[in-house]
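Take a look at the letters that make up each chain.
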Amino acid sequence: MNLSNSLRPFLAVSYNFSNTERMSPVKGSNTKDSNLRKTKFTFDEAVDVWLRHWSGQLQHEIAADYRINAGRVSEILTEKDHIGSKQVAASKRSA
């Protein structure tokens, strides 16, 4: 069996990465160009990060929803940023 022949169907596929109009707007963005990534969470978004984390959502999934670097989610969950958001989220969770 020739390996190159077995891979031929996979090699014939072409991808188009230039179609950017399908990109969804950035959650919470107030910029004119909604395709830009966020660089920081607001306090309310940090509360939402805690609620999502406690419901079992993974950090990289939360980051993808907000189109933000996963390190920013980690900063929230390690309480390096938006200190107090965990307590607010806990009160919303129990309400």
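Our subject in this report is the structure included herewith. (Residues numbered from 1 in each chain as written. Predicted model: local features only at pLDDT ≥ 70, side-chain atom pairs only at ≥ 80, totals over all residues. Heavy atoms only, no water.)

1. Section: the pattern of salt bridges
Then comes step 1: All chains considered together, the criterion is met by five salt bridges.
Then comes step 2: For the salt bridge of R52 with D48, the shortest nitrogen-to-oxygen distance reads 2.9 Å. Of the two residues, R52 and D48 are both situated in helix 2 (residues 43-54); the distance of four residues between them amounts to about one turn of the helix.
Then comes step 3: Judged by relative accessible area, which is 15%, R52 ranks as buried.
Then comes step 4: Here R72 makes a salt bridge to E75, at a shortest N to O gap of 3.1 Å. On the criterion of helical spacing, the pair formed by R72 and E75 is a turn pair, its members being three residues apart in helix 4 (residues 70-77).
Then comes step 5: On the basis of relative accessible area, R72 is assigned to the partly exposed category, the value being 27%.
Then comes step 6: Through salt bridges with shared partners, a single network forms among D48, R52 and D65. (Salt bridge = Lys/Arg side-chain N within 4 Å of Asp/Glu carboxyl O. Helix = DSSP H or I, 4+ residues; strand = E, 2+ residues; numbered from the N terminus. Buried < 20%, exposed > 50% of the residue type's maximum accessible area, 1.4 Å probe, protein only.)

2. Thoughts on helix 2
Then comes step 1: The terminal C-alpha atoms of helix 2 lie 17 Å apart, and with twelve residues this matches the ideal 16 Å at 1.5 Å per residue to within 8%.
Then comes step 2: Buried within helix 2 are the following residues: E45, A46, V47, V49, W50 and R52.
Then comes step 3: Residues of helix 2 that are buried sit in contact with helix 3 (59-66), helix 4 and helix 5 (85-94).
Then comes step 4: Looking at the residues trailing helix 2, positive phi occurs at G56, about 105 degrees. (Expected span 1.5 Å × (residues − 1). Contact = heavy atoms within 4.5 Å.)

3. Re the environment of E45
Then comes step 1: When you line up the elements, E45 lands in helix 2.
Then comes step 2: E45 gets classed as buried once you look at its relative accessible area, which sits at 9%.
Then comes step 3: In the structure, E45 is positioned 37 residues away from H82 in sequence and 9.7 Å away in space, judged by C-alpha atoms.

4. Observations concerning the packing of helix 2 against helix 3
Then comes step 1: Across the interface, helix 2 lies against helix 3 with an axial gap of 10 Å and an inter-helix angle of 140 degrees. By the angle between their axes, helix 2 is oblique relative to helix 3. Read as a crossing pair, helix 2 and helix 3 show a hand that is right-handed. Packed against helix 2, whose contacting residues are E45, D48, V49, R52 and H53, the element helix 3 presents I62, D65 and Y66 at the interface.
Then comes step 2: Broken down by class, the residue content of the contact of helix 2 with helix 3 amounts to three nonpolar, one polar and four charged. (Axes fitted to C-alpha atoms, helices over the stretch in contact; angles between N-to-C directions. Parallel < 35°, antiparallel > 145°, perpendicular 65-115°, else oblique. Left-handed = near helix turned anticlockwise from the far one by under 90°. Nonpolar A, V, L, I, M, F, W, Y, C, P; charged D, E, K, R; others polar.)

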